[in-house]
Protein chains: 2
Amino acid sequence: MSYTTIKNIKIIDIPKHTDERGNLGVIEKELIPFAIKRVYYLYDVPSDAYRGGHAHKEQLELLVALSGSFNVILDDGEVKHSITLKKPNKGLLIPTGIWRELEDFSSGSVCLVLASGVFDESDYIRDYKDFELFKRT
Amino acid sequence: MSYTTIKNIKIIDIPKHTDERGNLGVIEKELIPFAIKRVYYLYDVPSDAYRGGHAHKEQLELLVALSGSFNVILDDGEVKHSITLKKPNKGLLIPTGIWRELEDFSSGSVCLVLASGVFDESDYIRDYKDFELFKRT
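Scoring rules and cut-offs
Residues numbered from 1 in each chain as written. Chains lettered and ligands numbered in written order. Predicted model: local features only at pLDDT ≥ 70, side-chain atom pairs only at ≥ 80, totals over all residues. Heavy atoms only, no water. Phe/Tyr/Trp six-rings, centres within 6.5 Å; stacked < 30°, edge-to-face > 60°. Lys NZ or Arg CZ within 6 Å of the ring centre and 35° of its normal. Salt bridge = Lys/Arg side-chain N within 4 Å of Asp/Glu carboxyl O. Helix = DSSP H or I, 4+ residues; strand = E, 2+ residues; numbered from the N terminus. Buried < 20%, exposed > 50% of the residue type's maximum accessible area, 1.4 Å probe, protein only. Least-squares fit on C-alpha atoms with pLDDT ≥ 70 in both. Contact = heavy atoms within 4.5 Å. Lys, Arg positive; Asp, Glu negative; His and termini not counted. Polar contact = N/O pair within 3.5 Å; in protein donor to acceptor, adjacent residues only side chain to side chain. Pairing = 2+ DSSP bridges. Axes fitted to C-alpha atoms, helices over the stretch in contact; angles between N-to-C directions. Buried area = accessible area lost by both parts, 1.4 Å probe. Nonpolar A, V, L, I, M, F, W, Y, C, P; charged D, E, K, R; others polar.

Undergrad: Which residues make up the packing of aromatic side chains, and what values do they have?
TA: The tally for this structure, following the rule as stated, stands at 12 aromatic pairs over all chains. Seen in terms of ring centroids, tyrosine 41 of chain B and tyrosine 43 of chain B are 5.8 Å apart; in terms of plane orientation they differ by 40°. Their pairing is tilted. Taken together, the aromatic side chains of Trp99, Tyr128 and Phe131 of chain A make up a single cluster linked through ring pairs. Between arginine 126 of chain A and the ring centre of tyrosine 124 of chain A, over which it is positioned, the NZ or CZ distance is 4.1 Å.

The following block contains the structure:
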């Protein structure tokens, strides 16, 4: 059961420290509503690849385009919304119970993901019909 | 006081999941000897920029070249060692009490850093003479 909707998705401004040596982005405690238990990243993604296609029952995730850009299609079971991530200082906070798909990766793009839990297959909903059921019950 | 030396530095193999949709690297619990309290990243770094130039009293850090490459010069107060990071599946674990400098960033490179603590200025040693004193006492 998850009452989250597209409206619960947030774009978080990641503090950016700029000087002549480049930019530094920092993510720590109060910026995101969870402790970071897992860090993963997508790289060398072919431009026609499609990733994601799942929802989480409990875990929250923050997605950041550290290099290049890609689209995230978010779906709460009723409404779909597409967001292009292309800036290292913008994080997409995806609450539990939101189906996500990633596509249109630009050449050399890198998607950083911070997750609220370690990998746990039982937290994944990988079948869209199961997701619809999860949202309704 | 810190007895760490260059020998305590480790290159960690980050699990890489490869398929036709690209590569996925994952860092969680047992891979690194600390809980992730802070995630930061360097980007848009000019190729002639020099970064780092500090040591930590308590914090441990893992550095990963998520895109492009850069050199890390490590110094334990007696011995210096230079490592080129250029692969997203190799993490450089820097223990406490090691002076580090980053340079030779390739165009578009991204340096991801996972740290064992939140930002705390008092944990930084930013003056090399203070670092030498720290290592000796």
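Moving on, there is more to tell.
Undergrad: A description of the pattern of salt bridges should follow, citing residues and the corresponding values.
TA: Across all of its chains, the model carries 14 salt bridges over all chains by this definition. With a closest N to O distance of 4.0 Å, arginine 38 of chain B and glutamate 28 of chain A form a salt bridge. Taken as a pair, arginine 38 of chain B in strand 4 (residues 38-43) and glutamate 28 of chain A in strand 3 (residues 22-28) lie in two separate chains rather than in one. A residue is classified by how much of its surface remains accessible, and arginine 38 of chain B, at 3% relative accessible area, is buried. Two residues, arginine 38 of chain B and glutamate 61 of chain B, come together in a salt bridge whose shortest N-O distance is 4.0 Å. Of this pair, arginine 38 of chain B sits in strand 4 while glutamate 61 of chain B sits in strand 6 (residues 61-67), placing them 23 residues apart in sequence. One continuous salt-bridge network, built from bridges that share partners, spans Glu28 of chain A together with Arg38, Glu61 and Arg100 of chain B.

Undergrad: Would you mind going over the relation of the copies chain A and chain B in detail, with residue names and values included?
TA: Least-squares fitting of chain A to chain B yields an RMSD of 0.0 Å, with the superposition described by an axial translation of 0.0 Å and a rotation of 180°. Such a combination of rotation and displacement between the chain copies is what one expects of a two-fold axis. Considering only C-alpha atoms, the residue of chain A closest to the rotation axis is isoleucine 36 of chain A, which sits at 3.1 Å. Interface residue correspondence from chain A to chain B reaches 100%, placing this contact among same-surface, isologous pairings.

Undergrad: Break down the side chain of arginine 51 of chain B for me, with residues and values.
TA: As for its position among the elements, arginine 51 of chain B is in strand 5 (residues 51-56). For arginine 51 of chain B, which is buried and forms no salt bridge, the nearest opposite charge comes from aspartate 19 of chain A, at a distance of 4.1 Å. One polar contact links the side chain of arginine 51 of chain B to the main-chain carbonyl oxygen of arginine 21 of chain A, over a distance of 3.0 Å. Contact partners of arginine 51 of chain B, with chain neighbours within four places excluded, come to Asp19, Arg21, Gly22, Asn23 and Leu24 of chain A together with Leu42, Val45, Glu101, Leu102 and Phe105 of chain B.

Undergrad: Outline the sheet that holds strand 6 of chain B, listing residues and values.
TA: On the basis of which strands lie adjacent, the open sheet formed by seven strands has the order 2(A)-3(A)-4(B)-11(B)-6(B)-9(B)-1(B) and antiparallel pairing. Only two strands of the sheet have a single partner each, and these edge strands are strand 2 (16-19) of chain A together with strand 1 (10-13) of chain B. With strand direction ignored, the average angle separating the axes of adjacent strands in the sheet is 25°. With six bridges joining them, strand 3 of chain A and strand 4 of chain B adopt antiparallel strand pairing.

Undergrad: Lay out the environment of phenylalanine 70 of chain B with the relevant residues and their values.
TA: Residue and element names in this part refer to chain B. Tracing the backbone through its elements, the reader meets phenylalanine 70 in strand 7 (residues 70-75). For phenylalanine 70, a relative accessible area of 0% puts it in the buried group. The spacing of phenylalanine 70 and leucine 133 is 63 residues in sequence and 28 Å in space, taken between C-alpha atoms. Sequence-distant contacts of phenylalanine 70, that is, excluding residues within four places in its chain, are made with Val64, Ala65, Ile83, Thr84, Leu85, Leu102, Glu103, Asp104, Phe105, Val110 and Cys111.

Undergrad: Could you give an account of the sheet that holds strand 10 (residues 99-103) of chain A, naming the residues involved and the relevant values?
TA: All names here are of chain A. Spatially, the five strands line up as an open sheet ordered 8-7-10-5-12, and their pairing is antiparallel. Only two strands of the sheet have a single partner each, and these edge strands are strand 8 (80-85) and strand 12 (124-125). Judged from the five bridges that link them, strand 7 (residues 70-75) and strand 10 form a sheet pairing that is antiparallel. The residue of strand 10 that forms the bridge with isoleucine 73 is glutamate 101.

Undergrad: An account of the interface of chain A and chain B is needed here, citing residue identities and associated values.
TA: The interface is formed by 37 residues belonging to chain A together with 37 residues belonging to chain B. Across the chain A to chain B interface the summed buried area is about 3200 Å²; carbon plus sulfur atoms make up 55%. For the pair chain A and chain B, the number of links is two salt bridges. Summed over the shared surface of chain A and chain B, the number is 14 residue pairs in polar contact (both at pLDDT 80 or more). Contributions of two or more residues to the side of chain A that touches chain B are made by strand 2, strand 3, strand 4 (38-43), strand 5 (50-56), strand 6 (61-67) and strand 11 (110-115) of chain A. With seven residues, the single largest contributor to the side of chain A that touches chain B is strand 3 of chain A. A class-by-class count of the residues in the side of chain A that touches chain B yields 22 nonpolar, five polar and 10 charged.

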